[in-house]
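Structure at a glance
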Amino acid sequence: MSTPATPPRSLAEALRTRDDASLAALLRSRPDLITPVPTDLTQLATRAGTRGSVVRALERLDRFALQTAEALAVAADPASYDELVGLMAGDARDAAVVHALPRALATLREQALVWGADDRLRLVRTARELLAPSPQHPSPTGLGPTVAEATAGMSPGRIQEIVTAAGLSSTHDSVSAVASLTKLFTGRRRMKALLGRAPEESLEVLNRLVWGPPYGQVTAEPAARLRWLIDRGLLLPTAPGTVVLPREVALHLRAGRAHRETEPVAPPVEAKATHRPQVVDTTAAGQAYTALATVEELLKDWDEGGPTVMRAGGLSVRDLKRTAVALDVAEPVAAFWVELAYAAGLLASDGDADERYAATPALDEWLEQPAAQRWIRLAEAWLTATRTSGLVGGRDVKERTLSALGPGLDRSAAPEVRHRVLGLLAGLPEGASPSAESVLARLRWERPVRGAGGAQRSAEGAGAREDDDLRSRLARWTLSEAEMLGVTGRGALSAQGRALLGPRGAVAGGSGKGRGVEDGGGGLAAAGSSGVANPSAPSGPSAPSDPSGPGDKLPVHHHQHRPPAPPEPLSPAEQAAASAAAARLLAPLLPEPLDHVLLQADLTAVAPGPLERPLADMLDVLADVESKGGATVYRFTPGSVRRALDAGRSASDLHDFLTAHSRTPVPQPLAYLIDDVARRHGHLRIGAASAYVRCDDDAVLSEILADKRSAGLRLRRLAPTVLAAQADPAALLDGLRAMGFAPAAESVEGDVVITRAHARRTPPRTAPEPVPDGPPTPDTTLLSAAIRAIRAGDRASTTPLKSTPSPNGELPRTSSAETLATMQAAVLTGDTLWIGYVNAEGAASQRVIAPIRVEGGFVTAYDHTADEVRTYPLHRVTGVAELAEG
């Protein structure tokens, strides 16, 4: 095992010097490393260097930590801390960068992307391959290859010509010539003198290439300004017609900086407006009430069976438009409410042959809960859902349209972005609403890489169209959805929203500046672009000299500075407590349900607030909703009254209902309307002949026959009180109602058919499971067990053995007799053994045990791998080897 006096020679050795807390931090930040648990630290180091794991780790770095890794990728391997500071802070030694660099380096070390002491920093090889410049994948720094790399295929004679033209003495071999040229380009004073002799036009060419891309196109006969640079190696050919600016030259022109602009501090989340907290909370509560009403209206609209499920899954465009019209919202908003109800488990497909969407049995339970509890269920579903309604109407990778409730809407990053956005809002003073752009800028700083290939983005593309990436869109949707749902009010986080996040939800905002990109044109065409000019880049005469002074003193033990760990997800118990607290805060702010309405003479009823459920349900049958808002206006019509009579209510029932629930007297026009419709209701009876009409008053039947509008029903008189029709009963019922009559349907027994709304429910359904973003973060118990197993396996693989039963490093192989004898001897001596073991499923593993008792074909031992006493059948032990003492 390595000691502080012995520098580690590999990542595995560096991991062996870590304590358990440091290993736990690594495994917590990179949970893919213990899926499954590695057998030892060597396997852990190998897994930490795989391409997929490294890309995933790079994606989770903040911008400054990523810039630090990018600087190490263009530095020497290994690099010293002083060299890294020069690349990050430049010759001027930017104080903010110098101060923040230990934190960034500690992050890279903790995540096993960098290892080694301060004088020998090494970037993991896979990370270097991803971030280092190459013609196929330009470096995010905009730097090109080194002089040694650019001249690798150049003839010795040409190299000597460049050395001579640069004013250096010729050498006997190419290696020393390249070293001499590199020393010239890295020497500040000598390089300044060389550029001082350059034509002004040549310096303009260098300035256009200095911040990248470093490649440019030249003709077969370059102009004089280009020829001067090419002759002296300031531009080196890489292919016919292509030249590159060597890394050493670019760094001199940049005053040592690897990046055009470093961002050591997170940009602050800026408040654009501040409101009184009470105003924010009441506004959010009003939105929460509206959210509950909207979801209830949606589910009531689908109560008897909603739209059909498309063959490919999801809602059709036409059904989404109909839903939007019914809810009186825009289609994207309707998609949000539909997806929210689905995520909360309140609606699903029924699974029938003619598959349709309908409410689930959970809806009835949900409707019986208090309003605050119903809101909590919606808010929790929204926070954890990976389905993203904002994608509805877009297209997937196969150019298929994404539909609401359809496949392809899951985005595993959505819950994390929602929590992070709300956490940033929680870091502002109460009542402060942020500007959306500052929130997006902060998120881009925290996660600058987009997708697996984000680590290889070009330098000029770092700031281009960044608001179009998925995380930015998720953040924008989060801000608008939180407002619609009532988590925020007037853009500020409400008290109930703050409580919903739990005690670890608040995150303080930082400060910093954003990235800027200056574009311009020039005479030298850059490969793959029109070229990038930098008027502010230092030219040769103004380049700074070698730095010296008191600012060069740097800290040494940078690995001791650890960045703050991100908050762990709330446990189920903590989330339940947070939800209960949010419900307690919201409940007093929601309006109490009313048990009355105000009847008016114009055949309307005004509900000045939310109504109790029985009253609201009855009014929905007896009247039509005319307008919504702070107060709901219902209008009574002959059709709505007939609807109540069809549902089995009598005229006296309706009079009693209105009298009991109205704070004003029942207006005479409304009483007359009910009596008039009831007088005619059921006067005509319709049955099946194909259909028939019977009425005790033959004059009414004569009136129907004489009406030209009845011609389509093809009626004929069978008796003085009976008419037969060729239309079916439903069509006959609708036709006579259209003529102004109020017929009632009749059963085969002659009784009036009472039509009641039939609530359709799907079979029991569970809410959709969120799609995880990689392996879940391990809890403390799993981390402890994994570290014990890794330590024990590493001890078995690194501790010298008294014998070597397997030359290939496989599990030990010994005979049954030898295994038994070694076990029995270890019981007497207290030795620790390394065994190979195959379990009942045939899975092989290695373990470090201290035998306690051997009897009956079993060995009882303290298992260092599991950190507990276990019993193993001897016939499953493949072999045993003794570990050397010490």
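Quick look at the structure, then. (Residues numbered from 1 in each chain as written. Predicted model: local features only at pLDDT ≥ 70, side-chain atom pairs only at ≥ 80, totals over all residues. Heavy atoms only, no water.)

1. Considerations on the overall build of the protein chain
Rules: The numbering of helices and of strands both runs from the N terminus, where a helix is a DSSP run of H or I of at least 4 residues and a strand a run of E of at least 2. Each residue is assigned to one of three classes by its accessible area relative to the maximum for its type, calculated with a 1.4 Å probe on protein chains only: buried under 20%, partly exposed between the two thresholds, exposed over 50%. Contacts are residue-level and defined by heavy atoms, with any inter-residue pair within 4.5 Å sufficient. Each accessible area value is a Shrake-Rupley result obtained with a 1.4 Å probe; residue values ignore everything except the protein chains displayed when judging cover.
The number of helices and strands found in the protein chain is 33 helices and 26 strands. Relative to its 886 residues, the protein chain shows a buried fraction of 49%. Taking as baseline every contact in the protein chain between residues at least 6 positions apart, the subset at least 24 positions apart corresponds to 69%. Carbon and sulfur atoms form 53% of the exposed surface of the protein chain, whose accessible area is close to 40700 Å².

2. A word on the nonpolar core
What counts is decided by this rule: Definition of nonpolar core: a set of buried residues of the types Ala, Val, Leu, Ile, Met, Phe, Trp, Tyr and Cys, connected through side-chain atoms within 4.5 Å.
One finds Phe185, Leu234 and Leu235 to be the most contacted residues of the largest nonpolar core, which totals 98 residues. Among the elements that line this core, the one with the most residues is helix H5 (residues 63-73), at seven residues. Beyond its immediate chain neighbours, meaning those up to four positions away, Leu235 contacts Val205, Leu206, Leu209, Leu226, Leu229, Ile230, Val243, Val244, Leu245 and Pro246. Ala324, Leu363, Ala404 and Leu501 belong to the second largest nonpolar core, which has 71 residues in total.

3. Concerning the sheet that holds strand S14 (residues 604-607)
The condition that has to hold: Pairing between two strands requires that DSSP report at least two bridges joining them. Between the N-to-C directions of two axes lies an angle of 0 to 180 degrees, each axis being a line fitted to C-alpha atoms and, for a helix, fitted only over the stretch in contact.
Strand order in the open sheet formed by four strands is S13-S14-S16-S15, and the pairing between neighbours is antiparallel. Taken across any chain shown, the strands that pair with only one partner, and hence form the sheet edges, are strand S13 (598-600) and strand S15 (624-627). Across this sheet, the average inter-strand angle for adjacent strands is 30 degrees, counted without regard to direction. The pairing of S15 with strand S16 (residues 632-635) spans three bridges and is classified as antiparallel. Paired with Ser627 across the two strands is Val633, which belongs to S16.

4. Concerning the sheet that holds strand S25 (residues 868-873)
A sheet is described by the order of its strands in space; here five strands give the open sequence S25-S24-S23-S22-S26, paired in antiparallel fashion. Both edges of this open sheet fall to S25 and strand S26 (877-882), since each of them pairs with a single strand only. Mean inter-strand twist for the sheet, computed between neighbouring axes without regard to direction, equals 45 degrees. Bridge count between strand S23 (residues 844-855) and strand S24 (residues 858-863): six bridges; the pairing is antiparallel. Bridging across to S24, Pro851 finds its partner in Ala861.

5. With respect to the environment of Ala177
For Ala177, the location among the structural elements is in helix H11 (residues 174-186). You can call Ala177 buried: its relative accessible area is 0%. Put simply, Ala177 and Glu161 are 16 residues apart on the chain and 10.0 Å apart in space, counted from C-alpha to C-alpha. Discounting chain neighbours no more than four positions away, the residues touching Ala177 are Ile159, Gln160, Val163 and Thr171.

6. What to know about unusual backbone geometry
If a residue is not glycine, its phi is most likely negative; likewise, a peptide bond is most likely trans. In this chain, Thr35 is followed by Pro36 through a cis amide linkage whose omega measures 0 degrees. Each neighbour pair has its own omega, and for Asp77 with Pro78 the value is 5 degrees, a cis peptide bond. We note that Arg93 has phi near 55 degrees; this positive angle belongs to a residue other than glycine. Structurally, Arg93 is set in the loop between helix H6 (81-89) and helix H7 (95-110). For Arg93, a relative accessible area of 19% gives the class buried. One non-glycine residue, Arg714, adopts positive backbone phi at about 55 degrees. Note that Arg714 resides in the loop between helix H30 (698-706) and strand S19 (715-719). A relative accessible area of 56% places Arg714 in the exposed class.

7. A closer look at the pairing of S16
Summarising the sheet, S14 and S16 pair through four bridges and their orientation is antiparallel. Note that in S16 the partner of Ala607 across the bridge is Thr632. Hairpin connection between S15 and S16: a loop of four residues separates the two successive antiparallel strands, and Gly629 in this loop has a positive phi of roughly 155 degrees.

8. Concerning the packing of aromatic side chains
Basically, it comes down to this: When two rings of Phe, Tyr or Trp (its six-membered ring) have centres within 6.5 Å they constitute a pair, described as stacked for plane angles under 30 degrees, edge-to-face for angles over 60, and tilted for the intermediate range. Definition used: whenever NZ (Lys) or CZ (Arg) falls within 6 Å of the ring centre and also within 35 degrees of the ring normal, the charge is taken to sit over that ring.
Under the definition given, this model contains three aromatic pairs. Lying across the ring of Trp366, Arg374 places its NZ or CZ 5.5 Å from the centre.

9. Examining the pattern of salt bridges
Cut-off, in case you're wondering: One speaks of a salt bridge when a side-chain nitrogen belonging to Lys or Arg is within 4 Å of a carboxyl oxygen belonging to Asp or Glu.
One pass over the structure, following the stated rule, counts 32 salt bridges. Residue Asp231 is joined to Arg227 by a salt bridge in which the shortest nitrogen-to-oxygen separation is 3.3 Å. Residue Asp231 and its partner Arg227 are located together in helix H14 (residues 224-231), separated by four residues, close to a single helical turn. In this structure Arg227 comes out as partly exposed when scored by relative accessible area, which is 32%. With a shortest N-O distance of 2.5 Å, Asp620 and Lys300 are connected by a salt bridge. With Asp620 in helix H26 (residues 613-622) and Lys300 in helix H16 (residues 277-301), this residue pair connects regions lying 320 residues apart in the sequence. On the basis of relative accessibility, which here comes to 25%, the residue Asp620 falls in the partly exposed class. Taking the relative accessible area as the measure of exposure, Lys300 reaches 46% and is therefore partly exposed. Salt bridges linked by common partners bring Asp77, Arg122 and Arg128 together as one network.

10. Thoughts on empty space enclosed by the protein
Just so we agree on the cut-off: A 1.4 Å probe that fits but cannot get out identifies a cavity on a 1 Å grid over protein atoms alone, an open set with protein on both sides within 12 Å along at least five of seven lines counts as a pocket, and a residue lines either if it has an atom within 4 Å of a point. Grid points are joined across faces, edges and corners, and a volume is the space filled by probe spheres set on the points. Residue type decides the class: Asp, Glu, Lys and Arg count as charged, Ala, Val, Leu, Ile, Met, Phe, Trp, Tyr, Cys and Pro as nonpolar, and the leftover types, Gly among them, as polar.
Overall, the coordinates contain five cavities of 30 Å³ or more when judged by the stated rule. There is about 100 Å³ of room inside the second largest cavity. Forming the boundary of the second largest cavity are Phe336, Glu339, Leu340, Ala343, Ala381, Trp382, Ala385, Arg387, Thr388, Ser389, Arg418 and Glu481. Within the residue set of the lining of the second largest cavity, elements represented by two or more residues are helix H18 (331-343) and helix H20 (371-384). A per-class count over the lining of the second largest cavity returns six nonpolar, two polar and four charged.

11. Focus on the side chain of Arg63
Here is the rule: In protein, a polar contact means a hydrogen-donor-capable atom and an acceptor-capable atom, both N or O and within 3.5 Å, with residues adjacent in sequence counting only if both atoms are side-chain atoms; elsewhere, any N or O pair within 3.5 Å suffices.
Residue placement: Arg63 occurs in helix H5. Among the polar contacts made by the side chain of Arg63, one reaches the side chain of Glu263 at a distance of 3.2 Å.

12. Thoughts on the environment of Pro775
As for its position among the elements, Pro775 is in the loop between strand S21 (744-745) and helix H32 (780-798). Taking C-alpha positions, Pro775 is 5.8 Å from Asp32, a pair spaced 743 residues apart along the chain. The residues touching Pro775, leaving out its near neighbours within four places in the chain, are Pro31, Asp32 and Thr35.

Function-wise, these values are silent; they only describe arrangement.
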